[in-house]
Amino acid sequence: MEKIILLGDEAVALGAIHSGLTAAYSYPGTPASEIMEFLISQSNGGKNYVAKWCVNEKVAMEEALGVSFAGRRAMVSFKHVGLNVAADPFINAAITGANGGLVVVSADDPGFHSSQNEQDSRFYADFARILAFEPANHQEAYDLTREAFDLSEKFGLPVMIRLATRLAHSRAPVEVGEARKKNQQPEYGYGPDWTLLPANACRRFQDLLQRQKQLKNYAEECPFNELSPADKGNRLGVVVSGLAFNYFREVYSRLSSRPAYLKISTYPFPEKKLLKLIEEVDEILVIEEGYPFMERFIRGVAGIPGKVIKGKMDETLPTSGELTPETVARALGLPVKTGLKTDGFQLPGRPPQLCPGCPHADTFKALNEALQGYDRGNVFSDIGCYTLGALPPYKAIQTCVCMGASVSMAKGGAEAGVYPSVAVIGDSTFAHSGITPLLDAVYSNSDLTVIILDNGTVAMTGAQPSFGTGEPLDRMLAGLGVSPEHIRVIIPLPKNHQLNTGIIKEELAYHGLSVIIVRRECVQILGDKKRS
Amino acid sequence: MTYNLILAGVGGQGILSIAFVIDQASLAEGHYFLQAEVHGMSQRGGAVQSHLRLSDTKIYSPLIPQGEADLILSVEPLEALRYFSYLKPRGTVISSRSPYLNIPDYPPLEDIYREIKKIPSSLLLEADRLAKEAGSLRAENMVVLGAASVFLPLKEENLKKFIEVLFRAKGEKVVNTNLKAFDLGRQAATGEQ
Ligand SMILES: Cc1ncc(C[n+]2csc(CCOP(=O)(O)OP(=O)(O)O)c2C)c(N)n1
Ligand code: SF4
């Protein structure tokens, strides 16, 4: 079999291609973006299958659901917080069920590498009552994606694949198999199953409950949930899932007497296998990347009589952040090395920052100056490269919560008396979740100033195409009903500083809704264009 | 045999290109390998690193344990220091001498060099000068790779083969510049040993 070097993300993408993928949808987000990047790169311009960036994750999820309705195989991928945005169709897709194979990939970011939180997608799969795979390595990422498509069709339900940053963004060789053909003719789903009127929905939900038994049986039989016996006399049992298995396995061979372990790659949790492990041991150690999902399940309310349970909840392992070879070794009672120290040397951090020449820098300079003289104003911001404007030397923004929240929070703030109330939002974030709150603000003619940073791309995540840029953005704003004399366009360049500051001042002084479009291309994509 | 190496630098300095070459050469020579890298936020001028592990038996952890790195290979001197806690007692440090100045509190360069030189097996390269000599300042990453090639358990010809693969699409001139940068780095490492 052929071996190729793949990122964890790419292993999932190739698994999908080899499963007879008809269409894949996504919205960029670290650490999931490379799934779609890879799918696009292999799609032969869309001739092999559809691979598209979408305006946001909810839309991506629904497009994939449409493909599944039509009887063909679809995948949707995003970062963990993207699943919050897609939660409505995600949960309801478990009620309609899947017709063609439907795989949902959610990439968690323990350790906050590039995210606002460390939420654990396994809770969502449990909540929706569907199967979830948590691959431990690149080979499993590929193999389980293929399995996920087959099972989605077998059980008539979407299947989740949960990734974490260290798997998504590490490379290793993967053995790949023969590609399967696509599902040929569209075969539509049965209408009443897909029309979630209360009576239909209730019937479908009963059906979903019935199918839980099948899912559990599968998880019990699944070879990826592997039970391994202890060395004689060892009374420790380790329950370990996904990525965490690697840190455990790394130190396993260093243990003089080896514990039993149950490796989990598939949920719902295989209770029978767990009970078998429990019988053999006095102490249980739960190792998992993310929240204590399995651990809570195993502990229940009262623990297990006569057994000691260790994990994150008793702080045998850290309750936040990524696992490391050290934290896992310590939890198993092994000594760890401390490595070399640079004694007495003050090592400064090097946080990310705006590129030299970035248009956002000019915007923040002008905005800071325009706001001088107002002592109670506030700049609500959003997520993108411009969030780095929170750091020195700019210190220009005061909030960043979730995609689109700048506009809605600024409106709420204005209604609570914040003046001037300013929203700063990137073009892609505006398209993703800024349009609806702006419509809200138009409706109330709220007293706020929305600054849209149109740099022509989704810069933060690696320059994917933006849906809210250029002339179409201008038309969109007019179409939403923003008053034309309060739609201003400025070009953020040092030579325009005075002019831009003046325009921002005028709109801050206006007691109503204004939108200032700040337009200059991201220097990174400009550089790429020049080079190619 | 397991060989652990940390690649270090600042976002945009071409660390992933070094990783690509080593990954491909490792596969070609039949090693197991795992390479964890950084994408996203910190690529914007922040500190970036990649953990790269080669072995002739199966390896599991994508992260190198503390005190287990055989080599720290850095395109920037301050960034080399950031990962010292990973270095084995007899590990090697190879770094470019040229600083990437984008923070207000960058320490005096001499202090950084002094810390690096405390490691018996360390090498500070004039990577910027050698890269320029090879034809492009952007080839600093290949200079440090060339120097590292003296230590890596990989064949020189395989590394060079994949430098060619990496830059092929950009034309012959870019390929030659990068190969030359590799050679100059390698010479610097063998000359000074
Ligand atoms: C729900 C959700 N999806 C995706 C992301 C990842 N993400 C962070 S910023 C960003 C978009 C940035 O684009 P834009 O608003 O145009 O700003 P720029 O980075 O170009 O300045 C994305 C997709 C996220 N944080 N949350
Ligand atoms: S990538 Fe583009 S938008 Fe982001 S900091 Fe650099 S120039 Fe600015």
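In what follows, the accompanying structure is described. Bear in mind that the values here come from a model prediction, so they are computed numbers and not experimental data.

**Quick look at the site of ligand 1**
Residue and element names in this part refer to chain A. Near ligand 1 lie 26 residues; those nearest to it are Glu57, His360, Thr429, Ala459 and Met460. With respect to ligand 1, the side chain of His360 contributes an N or O atom lying 2.7 Å from an oxygen atom. In the model, an oxygen atom of ligand 1 is placed 2.9 Å from a nitrogen or oxygen of the Ala459 main chain. Protein chains bury 97% of the 580 Å² of accessible surface belonging to ligand 1 in isolation. Of the pockets mapped on this structure, ligand 1 occupies the second largest pocket. Secondary-structure elements contributing two or more residues to the shell around ligand 1 are helix 4 (80–85), helix 17 (427–444) and strand 18 (457–458). Looking at which element gives the most residues to the shell around ligand 1, the answer is helix 17, with four residues. Among the residues making up the shell around ligand 1, the classes are represented as eleven nonpolar, twelve polar and three charged.

**Digging into the packing of helix 16 (residues 405–415) of chain A against helix 17 of chain A**
All names here are of chain A. Interaxial distance between helix 16 and helix 17 falls to 8 Å at its minimum, and their mutual angle equals 30 degrees. Considering their axes alone, helix 16 and helix 17 lie roughly parallel with respect to each other. Of the residues in helix 17, those touching helix 16 at Val407, Ser408, Lys411 and Glu415 are Gly434, Pro437, Leu438, Asp440, Ala441 and Ser444. Residues belonging to the contact of helix 16 with helix 17 are distributed by class as follows: four nonpolar, three polar and three charged.

**Concerning empty space enclosed by the protein**
In total, this model carries three cavities of 30 Å³ or more according to the counting rule given. If you add up the space inside the largest cavity, you get close to 70 Å³. Along the walls of the largest cavity sit A:Leu354, A:Cys355, A:Cys358, A:His360, A:Cys385, A:Asn455, A:Ala459, A:Cys522, A:Val523, A:Gln524 and B:Arg44, which together make up its complete lining. When its residues are assigned to classes, the lining of the largest cavity shows seven nonpolar, three polar and one charged.

**Considering the state of the cysteines**
Residue and element names in this part refer to chain A. A complete count under the given rule lists zero disulfides over all chains for this structure. Not engaged in a disulfide, the cysteine Cys54 finds its nearest cysteine sulfur in Cys402; these two sulfurs lie 19 Å apart. Between Cys402, a cysteine without a disulfide, and Cys400, which holds the nearest cysteine sulfur, the sulfur-to-sulfur distance is 8.6 Å. Exposure remark for Cys402: the relative accessible area of 36% places this residue in the partly exposed category.

**Concerning the nonpolar core**
Residues and elements named next belong to chain A. Ranked by size, the top nonpolar core spans 112 residues in total, and within it Leu39, Met75, Val239, Phe248 and Ile287 carry the most contacts. Top contributing element to this core by residue count: helix 7 (residues 138–155), with seven residues. For this core, the two domains that each supply at least three residues are domain 1 (2–185 + 195–221) and domain 2 (226–331). Not counting residues up to four positions away in its chain, the partners in contact with Leu39 are Ala13, Ile17, Leu21, Ala24, Tyr49, Ala51 and Met75.

**Describing the site of ligand 2**
Taken together, A:Leu354, A:Cys355, A:Cys358, A:His360, A:Cys385, A:Asn455, A:Ala459, A:Cys522, A:Val523, A:Gln524 and B:Arg44 make up the full set of residues adjacent to ligand 2. Among the chains of the assembly, those with residues near ligand 2 are chains A and B. Under a 2 Å grid-point criterion requiring more than half of the atoms, the pocket assigned to ligand 2 is the largest cavity. Counted by class, the shell around ligand 2 contains seven nonpolar, three polar and one charged residues.

**Points about the side chain of A:Gln212**
Residues and elements named next belong to chain A. Along the chain, the position of Gln212 falls in helix 10 (residues 198–221). Here Gln212 falls in the buried class, since its relative accessible area comes to 15%. Within the structure, Gln212 has its side chain in polar contact with the backbone oxygen of Leu208 (distance 3.0 Å).

**Points about the sheet that holds strand 15 (residues 378–380) of chain A**
Residues and elements named next belong to chain A. Reading across the sheet, the five strands line up as 15-16-17-21-20 and stay open at both edges, with parallel pairing between neighbours. Two strands in the sheet have a free side with no partner beyond their single neighbour: strand 15 and strand 20 (487–490). On average, adjacent strands in this sheet sit at an angle of 20 degrees to one another, irrespective of strand direction. Across five bridges, strand 16 (residues 421–426) lies against strand 17 (residues 449–454) in parallel orientation. Considered in strand 17, the bridge of Gly426 is made with Leu453. Across the sheet, helix 17 touches strand 16, strand 17 and strand 21 (514–519), and the angle it forms with strand 16 is around 140 degrees. Of the strands in this sheet, strand 17, strand 20 and strand 21 touch helix 18 (residues 470–480), which is tilted by about 180 degrees from strand 21.

Here is what the cut-offs are and how they apply
Residues numbered from 1 in each chain as written. Chains lettered and ligands numbered in written order. Predicted model: local features only at pLDDT ≥ 70, side-chain atom pairs only at ≥ 80, totals over all residues. Heavy atoms only, no water. Near = heavy atom within 4 Å. Polar contact = N/O pair within 3.5 Å; in protein donor to acceptor, adjacent residues only side chain to side chain. Areas by Shrake-Rupley, 256 points an atom, 1.4 Å probe, with all protein chains shown as cover. 1 Å grid on protein atoms, 1.4 Å probe; cavity = no way out; pocket = protein on both sides within 12 Å on 5 of 7 lines; lining within 4 Å. Sits in = over half its atoms within 2 Å of the grid points. Helix = DSSP H or I, 4+ residues; strand = E, 2+ residues; numbered from the N terminus. Nonpolar A, V, L, I, M, F, W, Y, C, P; charged D, E, K, R; others polar. Axes fitted to C-alpha atoms, helices over the stretch in contact; angles between N-to-C directions. Parallel < 35°, antiparallel > 145°, perpendicular 65-115°, else oblique. Contact = heavy atoms within 4.5 Å. Points joined across faces, edges and corners; volume = space filled by probe spheres on them. Disulfide = S-S within 2.5 Å. Buried < 20%, exposed > 50% of the residue type's maximum accessible area, 1.4 Å probe, protein only. Core = buried A, V, L, I, M, F, W, Y, C linked by side-chain atoms within 4.5 Å. Domains from an automatic or database assignment. Pairing = 2+ DSSP bridges.

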